[in-house]
Amino acid sequence: MKPNNINKILIALDFHLSATKVIEAGFAMAKMMNAKVILLHTKIELIDYSLIYKKIGSLKLDSLEDLEFAAHNFLEKSKHHVGDDMIQTIVKQGDFAESILKTAKELDIDMIVMGSHSTKWLEEIVMGRITNEFLLQTKIPILIIPTRNKIKAIL
Amino acid sequence: MKTNKMKKVLIALDYNPTSQKIAEQGYKMAKAMGAEVTLLHVVVDSALYSSVYANMGVWQIDTLDTFDTLEAFKNLKTGSRNFLEKAKRHLADKSIQNIQKEGDTAQMILETSKEINADFIVMGSHSQKWLENILIGSVTEEVLRKTTIPMFIIPTKKRD
């Protein structure tokens, strides 16, 4: 058995307070395994944003460009946070689960890292509520970083 | 940061055909981090069985005599021990620690992870016991909801 064939780790980040925790944990894991890190942020449709941000008021993003800019800026910041400029960053748009799994397939990822607040869909797969073949076909292990305590703080 | 400390990985297994895959992948990941591996199997305790069966009328557990129940439970424990030994032999690593627990599976996984000071928990995504999932909820989901340490989920398809 080859002891180490985890070469590429995809860290999925969203605009959540726990993003720092997720990237730190994912990055530490990658270092231990000597693996390459790729950061992914999936923009959701603007219409969803407006639903989510309705309650926040002043924080509203007004255009797609702003959103694009914010996404890149966010990943750059995250990259600098762990101090590694070699990290590749990717911004995608669309369905969260699908974009993560698609990207993982495209880039031949060996492990996905994400925060537990974003695992609703995973729970649904676990519980078998999702029948989408694509989601069920994943063979890539997922590392889930618990972020729940922080979720409570912002709710 | 305490980076020099040896990491510990807890791999929770159940009697499921996918267990071999979970053990192998979890082990591979642990070794990639240079971590120690502990295998855990939880025997559902008799109290839980009796509460599950309590509503079944004539099939109540207390209609069985106590001796048989104890004997059956002992067999469950021996079976569990053999199962873990087999898994350990399969991974061919003598440094692996095996732990057996009795009780509620999710709760025991979380408790054991605290006891041994685990850094990661490894579990499979699916259980084939779909009926059990509907009745008492998915164990993986429950651990996922309550864990305070990172959890490594190995996708296991329903038919793997």
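Residues numbered from 1 in each chain as written. Chains lettered and ligands numbered in written order. Predicted model: local features only at pLDDT ≥ 70, side-chain atom pairs only at ≥ 80, totals over all residues.

Visitor: Talk me through the overall build of chain A; I want residue IDs and the actual numbers.
Guide: Counting secondary structure elements, chain A contains seven helices and five strands. Along the chain direction, N to C, the helices and strands of chain A fall in the order β-α-β-α-α-β-α-β-α-α-β-α. Burial analysis of chain A (155 residues in total) assigns 34% to the buried set. Summarising the internal contacts of chain A: among those between residues at least 6 apart in sequence, 77% fall at separations of at least 24. (Helix = DSSP H or I, 4+ residues; strand = E, 2+ residues; numbered from the N terminus. Buried ≥ 20, exposed ≤ 12 C-beta atoms within 10 Å, placed from the backbone. Contact = placed C-beta atoms within 7 Å.)

Visitor: Provide a residue-level description of the packing of helix α4 (residues 105-115) of chain B against helix α6 (residues 139-146) of chain B, including the pertinent values.
Guide: Residues and elements named next belong to chain B. The geometry of α4 relative to α6 is characterised by a closest axis approach of 9 Å and an angle of 40 degrees between their N-to-C directions. Taken together, the axes of α4 and α6 lie oblique to each other. The two elements α4 and α6 cross, and the hand of that crossing is right-handed. Mapping the contact onto sequence places Thr105, Ala106, Ile109 and Leu110 in α4 and Val139, Glu142, Val143 and Lys146 in α6. Here the residues of the contact of α4 with α6 sort into five nonpolar, one polar and two charged. (Axes fitted to C-alpha atoms, helices over the stretch in contact; angles between N-to-C directions. Parallel < 35°, antiparallel > 145°, perpendicular 65-115°, else oblique. Left-handed = near helix turned anticlockwise from the far one by under 90°. Nonpolar A, V, L, I, M, F, W, Y, C, P; charged D, E, K, R; others polar.)

Visitor: If you had to explain the sheet that holds strand β2 (residues 36-43) of chain B to someone new, which residues and values would you point to?
Guide: Hydrogen bonding along the main chain pairs the strands of a sheet, whether they run parallel or antiparallel. The mixed open sheet is built from ten strands, whose spatial order is β3(A)-β2(A)-β1(A)-β4(A)-β5(A)-β5(B)-β4(B)-β1(B)-β2(B)-β3(B). Either end of the sheet is taken by a strand with one partner, and the two such strands are β3 (88-93) of chain A together with β3 (97-102) of chain B. The sheet shows a mean angle of 25 degrees between the axes of neighbouring strands, taken without regard to direction. With six bridges joining them, β2 of chain B and β3 of chain B adopt parallel strand pairing. The partner of leucine 40 of chain B across the bridge, within β3 of chain B, is isoleucine 99 of chain B. Relative to strand β1 (residues 8-13) of chain B, helix α1 (residues 19-32) of chain B is tilted by about 175 degrees, and along the sheet it contacts β1, β2, β4 (120-124) and β5 (151-154) of chain B. α6 of chain B contacts β5 (142-145) of chain A together with β4 and β5 of chain B of the sheet and is inclined by roughly 155 degrees relative to β4 of chain B. (Pairing = 2+ DSSP bridges.)

Visitor: Can you tell me about the confidence of the model for chain A, naming the residues and giving the values?
Guide: Residue and element names in this part refer to chain A. Taken over all residues, the pLDDT of chain A has a mean of 75, while the share at 70 or more is 65%. By mean pLDDT, helix α7 (residues 148-154) is the weakest element of chain A at 45, and strand β1 (residues 8-13) is the strongest at 92. Contacts of residues 55-59 to residues separated by more than four positions or lying in other chains number one contact, the stretch itself having pLDDT below 50. Taken together, the stretch residues 150-155 has pLDDT below 50 and engages in five contacts with residues farther than four places along the chain or on a different chain. (pLDDT = per-residue confidence, 0-100.)

Visitor: Kindly report on unusual backbone geometry, identifying the contributing residues and their values.
Guide: The phi dihedral of aspartate 108 of chain A is positive, around 60 degrees, even though this residue is not glycine. Checked against the element boundaries, aspartate 108 of chain A lands in the loop between α4 (96-106) and β4 (111-115). Despite not being glycine, alanine 92 of chain B shows a phi value in the positive range, around 50 degrees. Relative to the elements of secondary structure, alanine 92 of chain B occurs in the loop between α3 (66-91) and β3. With 9 C-beta atoms counted inside 10 Å, the residue alanine 92 of chain B sits in the exposed group.

Visitor: How would you explain the environment of asparagine 34 of chain A if you had to name every residue and give the values?
Guide: Residue and element names in this part refer to chain A. Relative to the assigned elements, asparagine 34 resides in the loop between α1 (19-33) and β2 (36-43). On the neighbour-count criterion, asparagine 34 (11 C-beta atoms within 10 Å) is exposed. In the structure, asparagine 34 is positioned 42 residues away from glutamate 76 in sequence and 21 Å away in space, judged by C-alpha atoms.

Visitor: Explain the pairing of β2 of chain A to me, using residue names and the numbers behind them.
Guide: All names here are of chain A. A large share of β2 lies buried, amounting to six of its eight residues. Bridge analysis of β1 against β2 gives six bridges, and the strand direction is parallel. Residue pairing in the sheet places alanine 12 in a bridge with leucine 40 of β2. With α1 bridging β1 and its parallel neighbour β2, the resulting β-α-β unit is right-handed. Bridge count between β2 and β3: six bridges; the pairing is parallel. The residue of β3 that forms the bridge with histidine 41 is valine 91. (Right-handed = clockwise from strand over helix to strand, strands pointing away.)

Visitor: So what about the environment of alanine 71 of chain A? Which residues, and what values?
Guide: Residues and elements named next belong to chain A. Of note, alanine 71 is situated in helix α3 (residues 64-82). Residues alanine 71 and phenylalanine 15, 56 residues apart in the sequence, show an inter-C-alpha distance of 8.5 Å. Residue contacts for alanine 71: discarding those within four places in its chain leaves His41, Lys43 and Val91.

Visitor: Tell me about α1 of chain B, and name the residues and values.
Guide: All names here are of chain B. The end-to-end C-alpha distance of α1, which contains 14 residues, comes to 20 Å, matching closely the 20 Å that a straight helix rising 1.5 Å per residue would cover. Here α1 has its buried residues at Ser19, Ile22, Ala23, Gln25, Gly26, Tyr27, Met29, Ala30 and Ala32. Positioned one or two residues after α1, glycine 34 has a phi angle of 65 degrees, which is positive. (Expected span 1.5 Å × (residues − 1).)

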